[in-house]
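Observations on chain architecture
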There are 6 protein chains.
Amino acid sequence: MVSPNRRRILVVNPNSNEVVTRGLADALVPVEFQNGPEIVCLTLAQGPYGIETQEHVESVTLPLRQLVASRNDVDAFVIACYSDPGLHVCREATSRPVFGINECGVLTALARGERFGVIAIAQRSIRRHLRYLRQMGLLDRLAGERALDMSVAETASGEKALEKMIAVGRQLRDQDAADVVIMGCAGMARHRAPLEAALGIGVLDPTQAAVAMAIGAVQYA
Amino acid sequence: MVSPNRRRILVVNPNSNEVVTRGLADALVPVEFQNGPEIVCLTLAQGPYGIETQEHVESVTLPLRQLVASRNDVDAFVIACYSDPGLHVCREATSRPVFGINECGVLTALARGERFGVIAIAQRSIRRHLRYLRQMGLLDRLAGERALDMSVAETASGEKALEKMIAVGRQLRDQDAADVVIMGCAGMARHRAPLEAALGIGVLDPTQAAVAMAIGAVQYA
Amino acid sequence: MVSPNRRRILVVNPNSNEVVTRGLADALVPVEFQNGPEIVCLTLAQGPYGIETQEHVESVTLPLRQLVASRNDVDAFVIACYSDPGLHVCREATSRPVFGINECGVLTALARGERFGVIAIAQRSIRRHLRYLRQMGLLDRLAGERALDMSVAETASGEKALEKMIAVGRQLRDQDAADVVIMGCAGMARHRAPLEAALGIGVLDPTQAAVAMAIGAVQYA
Amino acid sequence: MVSPNRRRILVVNPNSNEVVTRGLADALVPVEFQNGPEIVCLTLAQGPYGIETQEHVESVTLPLRQLVASRNDVDAFVIACYSDPGLHVCREATSRPVFGINECGVLTALARGERFGVIAIAQRSIRRHLRYLRQMGLLDRLAGERALDMSVAETASGEKALEKMIAVGRQLRDQDAADVVIMGCAGMARHRAPLEAALGIGVLDPTQAAVAMAIGAVQYA
Amino acid sequence: MVSPNRRRILVVNPNSNEVVTRGLADALVPVEFQNGPEIVCLTLAQGPYGIETQEHVESVTLPLRQLVASRNDVDAFVIACYSDPGLHVCREATSRPVFGINECGVLTALARGERFGVIAIAQRSIRRHLRYLRQMGLLDRLAGERALDMSVAETASGEKALEKMIAVGRQLRDQDAADVVIMGCAGMARHRAPLEAALGIGVLDPTQAAVAMAIGAVQYA
Amino acid sequence: MVSPNRRRILVVNPNSNEVVTRGLADALVPVEFQNGPEIVCLTLAQGPYGIETQEHVESVTLPLRQLVASRNDVDAFVIACYSDPGLHVCREATSRPVFGINECGVLTALARGERFGVIAIAQRSIRRHLRYLRQMGLLDRLAGERALDMSVAETASGEKALEKMIAVGRQLRDQDAADVVIMGCAGMARHRAPLEAALGIGVLDPTQAAVAMAIGAVQYA
C-alpha cells in the first residue's frame with residue numbers, strides 16, 4: 001500500500017515509442033524504494049516516434065507544459081529526452097522541480113570525473129548539444145562528443161549497439177581524454193554497466209542521474 | 001535486518017564537532033529508505049573542532065584519504081564540509097565514488113535555477129570558495145556569495161542564525177539576482193525549509209544534495 | 001514595377017499585434033531601395049497578442065517554421081521578436097538565411113561599442129535574455145540589461161515610454177559603462193533617434209540591425 | 001544625379017595595390033542601390049603594397065586616422081583589411097561609425113552558423129588573428145583557422161587560388177566542424193560564390209559583411 | 001668597470017617627459033646589482049609628452065620598433081607605458097624578449113593575490129585597458145579598475161596624488177574585493193610603498209614587475 | 001661579506017631528493033648577485049622522494065606551512081615543485097610572498113609567447129595540471145600539455161631525457177602551435193638551453209621564473 005504522503009516523480013518520455021518508456025522503467029528499478037517516492041514512467045501521447053530534429057523538439061514543448069501544469073499529483077518531473085525539450089517552458093508552468101536528463105547527466109558527470117565525454121546517437125545532434133552546453137555554461141570540462149550514427153531504434157534494440165558504443169567510448173577516453181562518459185540518449189540504459197566494464201571509467205545514464213536528483217528534491221522538500 | 005547486499009554511503013564530517021555530525025544525520029532522515037542504501041554519518045576523529053582556514057582543510061586531507069582507503073565496506077563517500085577537503089586525494093585512493101558537498105551543492109543548484117547564490121559563514125572563506133568555483137569551471141552562473149559573519153557554532157545553534165540567513169538570502173535574491181540559494185556550510189540543514197519559505201526561491205543544503213547523488217551512484221552501479 | 005529578379009526579405013512579427021507590424025514597416029523605410037530587395041512585413045496570424053513568456057515563445061515556433069518552409073518566394077527571413085522564437089527550428093527548415101533580431105542586435109552592437117547595454121521591457125525577461133546570450137557565447141561584452149517594467153503596449157504607444165527609456169539608458173551608460181545600447185524589443189524603433197540624442201551614445205533597433213544583415217545576405221548571394 | 005542628402009560610405013583599402021581596390025569595388029556592386037548610400041572605394045596612398053606583418057599594420061594606423069578625421073563628407077568608414085588596422089584609433093577620431101572587416105566578418109558569421117572557420121592567407125597571421133578574436137571576446141565559436149600559404153597577390157589573381165581554398169574549406173568543414181566559412185582577406189571576394197557552391201555551407205566575404213552593416217548604420221541614422 | 005659580458009636591459013619611456021624617465025630610473029635602483037644586468041632608462045625622443053589617447057599610442061609604435069631593431073647591444077627591452085604601445089610589432093622585430101609593463105604588472109599580480117585591482121590615471125583609459133586584458137585572456141581575476149581622474153603630470157608630481165590613490169585603492173579593496181593592486185601608470189613608483197602601507201595589501205609598480213621578469217630573461221639565457 | 005640588510009629567498013624542494021635540490025641551486029647561479037638577495041635552496045626533510053601523486057602533494061602541505069611560519073629570516077619563499085603543493089596554506093601563514101613554480105612558469109610564459117605548451121613528466125599528472133590551470137583562470141592560452149612518460153629520476157639524470165624532451169617539444173610547437181614551452185618539473189633546468197636551441201622557441205624553467213619574480217618582490221619591498 002502506498003502511503004498517502006508518499007512523493008511522486010513523473011518521468012515523461014516525450015516520444016511515443018513505448019519500448020523506450022519501458023526501458024526507462026527498467027532503468028529506474030534500483031531506486032524504487034519501499035518508503036521512497038513513487039516513480040511513474042509515462043509516454044507522451046502527442047510525441048513523435050523519435051525526437052531527432054529541432055522540429056521534433058518543438059513539437060513536444062507545449063504538450064509537456066500542459067502535462068506539467070495539469071498533474072497536481074506529482075512532486076517533481078523528469079523530461080526523459082537528451083534534447084531536454086520544453087525544459088524552461090515547463091519550469092515556467094510550475095514551482096515544482098522539473099529536471100532535464102541532459103542537464104542532469106552533465107551535472108552528475110562533473111561530480112564523477114574531470115572531463116566528460118558524450119556518446120550521441122547521430123552526428124547532426126552534436127551541434128545542438130554543444131549549443132545547449134554553451135547555454136548552460138558547462139562547456140569548460142567537455143572532453144568531446146562523438147556519434148554512433150545509429151538510429152534511436154537501432155541503439156535501443158540492435159545487437160551491435162553495445163559494440164559500437166564501446167568503440168566510440170574508447171575514442172572519447174583515449175583521444176579526447178574523457179574520464180567519465182555520458183550516454184547521450186534516453187534509451188541506452190541497459191548498456192550502461194557493460195559499457196562501464198569495457199571502458200574502465202564511469203559511464204552515466206542521464207535518466208538515472210536525473211531521477212537521483214529528483215529523489216533528493218522531493219524528499220528533502 | 002539489513003540485507004547483506006544493501007549499499008552503504010559513508011558521510012564524513014571532517015571536523016570533530018559531534019553536534020554537526022548529528023545535524024547531518026537529522027538532515028538525511030528523509031532519504032533513509034527501507035530497501036535503500038544505509039547512510040552512516042561519521043565524525044573524523046582527527047579533525048579540528050571547525051574547518052575555518054586553509055590550514056584546517058589541509059589537516060584533514062590525509063586522514064580522510066586513509067579513511068577512504070580503509071573502509072572497504074562502503075560503496076560511496078560524502079565529505080561533508082563546504083571546503084571539500086581532500087576530495088581529489090580521496091578520489092585517487094579509490095575507484096568508488098567520492099562526493100564533496102560544495103561541488104554537489106553547486107551542481108544541484110544548476111538544475112534548480114538560472115543563477116545561484118551562496119550563503120557563506122565567514123567573509124574570509126569567500127575568496128577560497130570563488131577559487132574553487134573557478135577550479136570546477138562553474139563560475140559562469142554564480143549570482144553572488146555573501147557571508148553571515150557568524151562562527152560555525154553560532155550558525156548551527158544560535159537563535160539569530162535564521163534571521164541573519166534570511167537577510168543575506170534576500171540580498172542574494174534581490175541585489176545579485178540569484179534564483180536559487182546554497183547554504184554554504186555542512187551545519188545549516190535545519191534552517192533550509194524556513195529559509196526557503198521566507199525567500200520564496202529554492203534553498204539547497206549541500207550535504208543533502210551530495211547524498212542524493214551518492215544514492216544514484218550506489219544504486220545504479 | 002518590381003523586377004522579377006528582385007530579392008525579397010520577409011520580416012515576420014510573431015505576435016498578432018498589427019500596430020507592431022506597422023511600426024516595423026516604418027522602421028525599415030530607410031532601407032527600401034528602388035533596386036534593392038523588397039522588404040515585406042508580415043503579422044503571424046497564429047501569434048499571441050504579445051510575446052512575454054516562454055509559453056508565448058513556444059507557441060509560435062512551429063507556425064514560424066511552417067511559414068518559412070512554405071514561402072519559396074522569399075530569399076531571407078527576419079524573425080522580429082527579441083526572444084528570437086523558433087530561430088533554430090526555422091534554420092533547420094530551410095537553407096535560406098534566417099535572422100533573429102536579438103542575435104543581430106547584439107552582433108551589430110559589438111561593431112559599434114566596446115560593451116553593450118540592453119533595455120528590456122520587463123524584469124522577468126532579463127533572465128531569459130542572459131541565458132540566450134550565454135547560449136550565443138556573447139556574454140563577455142555585456143555591460144548590463146535593465147528593464148523598463150512597462151508592457152509592450154505601453155512601450156510602443158505610451159507617452160512616457162521615451163522618458164523611461166532615457167532614464168534606463170543613462171543607468172546603462174553611467175552605472176554599467178555601456179557605450180552602445182540595444183532596444184530589447186521589436187516595437188521601440190521610433191524612439192531610437194531621440195534616445196540616441198539624449199544619451200549621446202549609439203542606440204540600436206534590433207530589427208533594423210537584422211534587416212541590414214539580411215540585405216547583405218540576399219544581395220551578395 | 002546623386003541626391004545631396006545621399007549618404008556616403010568610404011571603403012578604404014589600406015594597401016596600395018590598386019588591383020585589390022578594384023576587386024573591392026566589384027564585390028560591392030550588388031549593394032549599389034539607386035537611392036541608397038554611395039559606396040566609394042579608395043586606395044590608401046601611404047599604404048604598403050600588401051599588409052602581411054604587424055609592421056605593415058602599424059604603418060597605416062595614423063594615415064587611416066588622418067583620412068577619417070579629414071573626410072567630413074563621409075557617413076561611415078570601412079577599413080578593408082583583415083587585420084583591422086587602426087580600427088580603434090580611427091574610432092577615437094570620429095563619432096561616425098568605423099567598421100573593420102575582420103570584426104564584421106566574424107559577427108556576420110555568427111548569425112549564419114554555429115561555428116565559423118577562417119581561411120587565412122598565411123600561417124603566420126593566424127596567431128595574430130587568434131589574439132584579435134580573443135580581444136573581441138569572440139573565440140567561443142571559432143571552429144578553426146587554416147592557411148592557404150599563398151601570397152596576397154597569388155590569392156587575388158592566381159588560377160590555383162580557388163582550388164586551394166576549396167581544399168582548405170573542406171578541412172574546416174570536415175575536420176573542424178565549421179558550418180560557415182570566412183575568407184580571411186580583403187582580396188578574395190570573386191571566389192566567394194564558387195567556394196560556397198563547392199563546400200555546400202555559407203561562405204562570407206568580410207568586406208561585403210562590413211558594408212552591409214555600414215549601410216544599416218548610415219541609413220537608420 | 002662593467003664586464004663585457006654583462007647583460008643589458010633597456011627600459012624605454014615612450015613619452016618625451018624626462019621627469020618620468022628619471023622616475024623609472026629611481027624605481028629600478030633596488031635591482032641595480034653589481035654583477036647583474038645593466039639597466040638603462042631611455043626617453044623615446046619621438047614620443048609625445050604624455051600617452052593618453054589611442055593616437056598617442058599609435059604614434060610611438062614604429063619608433064619603438066625602430067629602436068628595438070637598431071639596438072643590438074641590448075638583451076631585453078621593457079616598454080614602460082601602461083598602454084604597452086607597440087609590444088607586438090617590437091616582438092616581431094627581434095627574437096630578444098620585449099616586455100610590456102601592463103602585461104607584466106598583471107601577470108605578477110596574479111602571483112601575489114587572488115583578484116587584482118588597477119588604479120588608472122583617467123576614466124577614458126579604462127575601456128582600453130579592459131579590451132587589452134581581454135586580449136591577453138586575463139580578465140577572469142580582475143576585481144576592478146578605477147580612475148584617479150588626474151593628469152599623468154599631476155599623478156607624478158602633485159601633492160594630492162597619494163591621498164587620491166589611497167582613496168581609490170580602498171574602493172578597490174573594499175568594494176571590488178581586490179587583494180592586490182596595480183598602479184596603472186609608469187610614473188607612480190614613488191607612491192608604491194606608502195600606498196601599500198596605507199592599504200595593507202600588496203601594491204605593484206608595473207615597471208618594477210617587468211624589469212624583474214626581464215632580469216630573469218637575460219640572466220637565464 | 002653579506003650585508004645584514006641583504007634579502008633572503010628560500011627555495012624549498014618539497015621532495016627529499018637532494019640531487020633535485022642541487023639542481024635547483026645550479027639553475028639559480030645566474031641570479032646570484034653580489035648585492036642581491038641571498039638565494040638558499042633547501043630540501044624539505046619530511047618530503048617523499050618524489051612528488052608524483054596527489055597523496056604526495058598532500059603529505060607536504062603542512063610541513064611546508066610550518067617551515068614558512070618558522071623562518072622569520074626569509075623575505076620570500078619559492079615552492080619548487082610543479083604541483084605547487086601547499087601554496088595557499090603557506091600564503092595563509094605569512095604576509096611575505098610565497099611563489100609556486102607552476103604558477104610563475106605559466107605567468108612568465110604568457111609574457112614570452114602567445115600560447116604556451118607544457119612538457120609533463122607523466123601522463124597522469126596532466127589532468128591535475130589542467131585542473132590547476134583552470135583554478136588559476138589561465139587556460140585560455142594553453143596550447144597543450146604532453147608527457148615524457150619518464151620518472152622524475154630518469155628526467156633529471158637519464159641520458160635520453162633531452163632527446164625525449166625535444167621530441168615532445170616539437171609536438172607542442174608543430175601540432176599544438178605553442179610558441180613558448182614550460183618544462184613542467186623542478187628537475188629539468190639543465191636541459192633548458194639545449195632544448196631551446198633545438199626547438200627555436202623560448203623554453204622556460206619554472207623555478208628560474210619563480211625566483212626572478214621573487215627577486216622583484218624582495219628588492220622592491
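About the criteria used
- Residues numbered from 1 in each chain as written.
- Chains lettered and ligands numbered in written order.
- Predicted model: local features only at pLDDT ≥ 70, side-chain atom pairs only at ≥ 80, totals over all residues.
- Helix = DSSP H or I, 4+ residues; strand = E, 2+ residues; numbered from the N terminus.
- Rg over C-alpha atoms; globule rule 2.2 N^0.38 Å.
- Buried ≥ 20, exposed ≤ 12 C-beta atoms within 10 Å, placed from the backbone.
- Contact = placed C-beta atoms within 7 Å.
- Pairing = 2+ DSSP bridges.
- Axes fitted to C-alpha atoms, helices over the stretch in contact; angles between N-to-C directions.
- Parallel < 35°, antiparallel > 145°, perpendicular 65-115°, else oblique.
- Left-handed = near helix turned anticlockwise from the far one by under 90°.
- Least-squares fit on C-alpha atoms with pLDDT ≥ 70 in both.
- Nonpolar A, V, L, I, M, F, W, Y, C, P; charged D, E, K, R; others polar.
- Domains from an automatic or database assignment.
- Right-handed = clockwise from strand over helix to strand, strands pointing away.
- Arc of directions from axis to C-beta.
- pLDDT = per-residue confidence, 0-100.

1. Things to note about the overall build of chain A
- Per the secondary structure count, chain A includes nine helices and eight strands.
- Its C-alpha atoms give chain A a radius of gyration of 16 Å, within 12% of the compact-globule value 17 Å for 221 residues.
- For the C-alpha atoms alone, the extent of chain A along its principal axes is close to 50 × 35 × 35 Å.
- Residue burial in chain A is summarised as follows: out of 221 residues, 60% are buried.
- Within chain A, contacts between residues separated by at least 24 positions form 71% of all contacts whose residues are at least 6 apart in sequence.

2. Considering the sheet that holds strand 5 (residues 116-120) of chain E
Residues and elements named next belong to chain E.
- Pairing within the open sheet is parallel, and its four strands lie in the order 6-5-7-8. Single-partner strands in this sheet number two, and they are strand 6 (142-147) and strand 8 (202-204). On average, each strand axis in the sheet is inclined to that of its neighbour by 20 degrees, with strand direction left out of account.
- Two strands pair when backbone bridges link them, and strand 7 (residues 180-184) and strand 8 are joined in this way by three bridges, in the parallel orientation. Residue pairing for strand 8: V181 is matched across the bridge by V203.
- Here helix 4 (residues 101-110) sits on the sheet and contacts strand 5, strand 7 and strand 8; the angle it forms with strand 7, its principal contact strand, is near 170 degrees.

3. Let's talk about the packing of helix 1 (residues 18-28) of chain E against helix 9 (residues 206-219) of chain E
Residues and elements named next belong to chain E.
- Relative orientation of the contacting elements helix 1 and helix 9 amounts to 55 degrees, with a least axis distance of 10 Å. For the element pair helix 1 / helix 9, the angle class is oblique. Judged by the sense of rotation from one axis to the other, the crossing of helix 1 with helix 9 is right-handed. Along its contact with helix 1, which presents L24, A27 and L28, the element helix 9 presents T207, Q208 and V211.

4. Some remarks on the sheet that holds strand 8 (residues 202-204) of chain A
All names here are of chain A.
- With parallel pairing, the four strands of this open sheet are ordered in space as 6-5-7-8. One side of each edge strand has no neighbouring strand; the edge strands of this open sheet are strand 6 (142-147) and strand 8. Each adjacent strand pair in this sheet contributes to an overall mean axis angle of 20 degrees, direction not counted.
- Alignment of strand 5 (residues 116-120) against strand 6, held across five bridges, turns out to be parallel. Among the inter-strand pairings, F116 is bridged to a residue of strand 6, identified as L142.
- Across the face of the sheet, helix 4 (residues 101-110) comes into contact with strand 5, strand 7 (180-184) and strand 8 while running at roughly 170 degrees to strand 7.

5. Some details on the relation of the copies chain D and chain E
- At an RMSD of 0.0 Å, chain D and chain E line up after a rotation of 180 degrees and a shift of 0.0 Å along the axis. The transformation relating the two chain copies, once decomposed into turn and shift, fits a two-fold axis. No C-alpha of chain D approaches the rotation axis more nearly than that of Q135(D), which lies at 1.8 Å.
- Of the interface residues in chain D, 100% have counterparts in chain E that sit at the interface too, so the contact is made through matching surfaces.

6. Some words on the interface of chain A and chain B
- In this assembly, 27 residues from chain A lie in contact with 27 residues from chain B.
- Broken down by secondary-structure element, the contributors of at least two residues to the side of chain A that touches chain B are helix 4 and helix 9 (206-219) of chain A.
- The element best represented in the side of chain A that touches chain B is helix 9 of chain A, accounting for seven residues.
- Here the residues of the side of chain A that touches chain B sort into 14 nonpolar, eight polar and five charged.

7. Some remarks on the domain arrangement of chain A
Residues and elements named next belong to chain A.
- You can read the domains of chain A as domain 1 (8-100 + 208-219) and domain 2 (103-205).
- When each unit is reduced to the centre of its C-alpha atoms, the spacing between domain 1 and domain 2 is 20 Å.
- At the junction of the two partners, domain 1 supplies 21 residues and domain 2 supplies 17 residues.
- Elements with a minimum of two residues in the side of domain 1 that touches domain 2: helix 1 (18-28), strand 4 (98-100) and helix 9.
- Counting residues per element, the side of domain 1 that touches domain 2 draws most heavily on helix 1, which supplies six residues.

8. Comments concerning the environment of Q46(B)
Residues and elements named next belong to chain B.
- Within the element layout of this structure, Q46 appears in the loop between strand 2 (38-43) and helix 2 (54-70).
- When the C-alpha positions of Q46 and V60 are compared, they lie 7.2 Å apart, and in sequence the two are 14 residues distant.
- In contact with Q46, not counting residues within four places along its chain, are V60 and P63.

9. Here we look at unusual backbone geometry
- The residue A177(C) is not glycine, and still its phi comes out positive at about 65 degrees.
- With respect to the element layout, A177(C) can be found in the loop between helix 7 (161-174) and strand 7 (180-184).

10. Things to note about the pairing of strand 2 (residues 38-43) of chain C
Residues and elements named next belong to chain C.
- Both strand 1 (residues 8-13) and strand 2 contribute to a ladder of six bridges, which runs parallel. Directly across from V11, in strand 2, lies its bridge partner C41.
- Taken together, strand 1, helix 1 (residues 18-28) and strand 2 form a β-α-β motif whose crossover is right-handed.

11. A few points about the interface of chain D and chain E
- Taken residue by residue, the interface counts 15 residues in chain D and 15 residues in chain E.
- Elements with a minimum of two residues in the side of chain D that touches chain E: helix 2 (54-70), helix 3 (87-93) and helix 5 (123-136) of chain D.

12. Some remarks on the relation of the copies chain A and chain B
- Mapping chain A onto chain B is achieved by rotating through 180 degrees and translating by 0.0 Å along the same axis, at an RMSD of 0.0 Å.
- When the interface residues of chain A are mapped onto chain B, 100% of them again lie at the interface, so the same face is used by both copies.

13. Considerations on the arrangement of the chains
- At the C-alpha level, the nearest point of chain A lies 14 Å from chain E, with no contact between them.
- With no contact formed, the shortest span from any C-alpha in chain C to any C-alpha in chain F equals 14 Å.

14. Details of helix 1 (residues 18-28) of chain D
All names here are of chain D.
- Residues of helix 1 that are buried: V20, T21, G23, L24, A27 and L28. Seen from one end, helix 1 has its buried residues packed into an arc of 160 degrees, which puts them on one side. Turned more than 90 degrees away from the buried face of helix 1, the exposed residues are E18 and D26.

15. Structural notes on the packing of helix 4 (residues 101-110) of chain C against helix 9 (residues 206-219) of chain C
All names here are of chain C.
- Contact geometry for helix 4 and helix 9: axes closest at 8 Å, N-to-C directions at 85 degrees. Classified by the angle their axes make, helix 4 and helix 9 are roughly perpendicular. On helix 9, the residues touching I101, N102, C104, G105 and T108 of helix 4 are P206, T207, A209, A210 and M213.

16. Some thoughts on the confidence of the model for chain A
- Taken residue by residue, chain A gives an average pLDDT of 94. The fraction at 70 or more is 95%.
- Complex prediction metrics read pTM 0.96 and ipTM 0.96.

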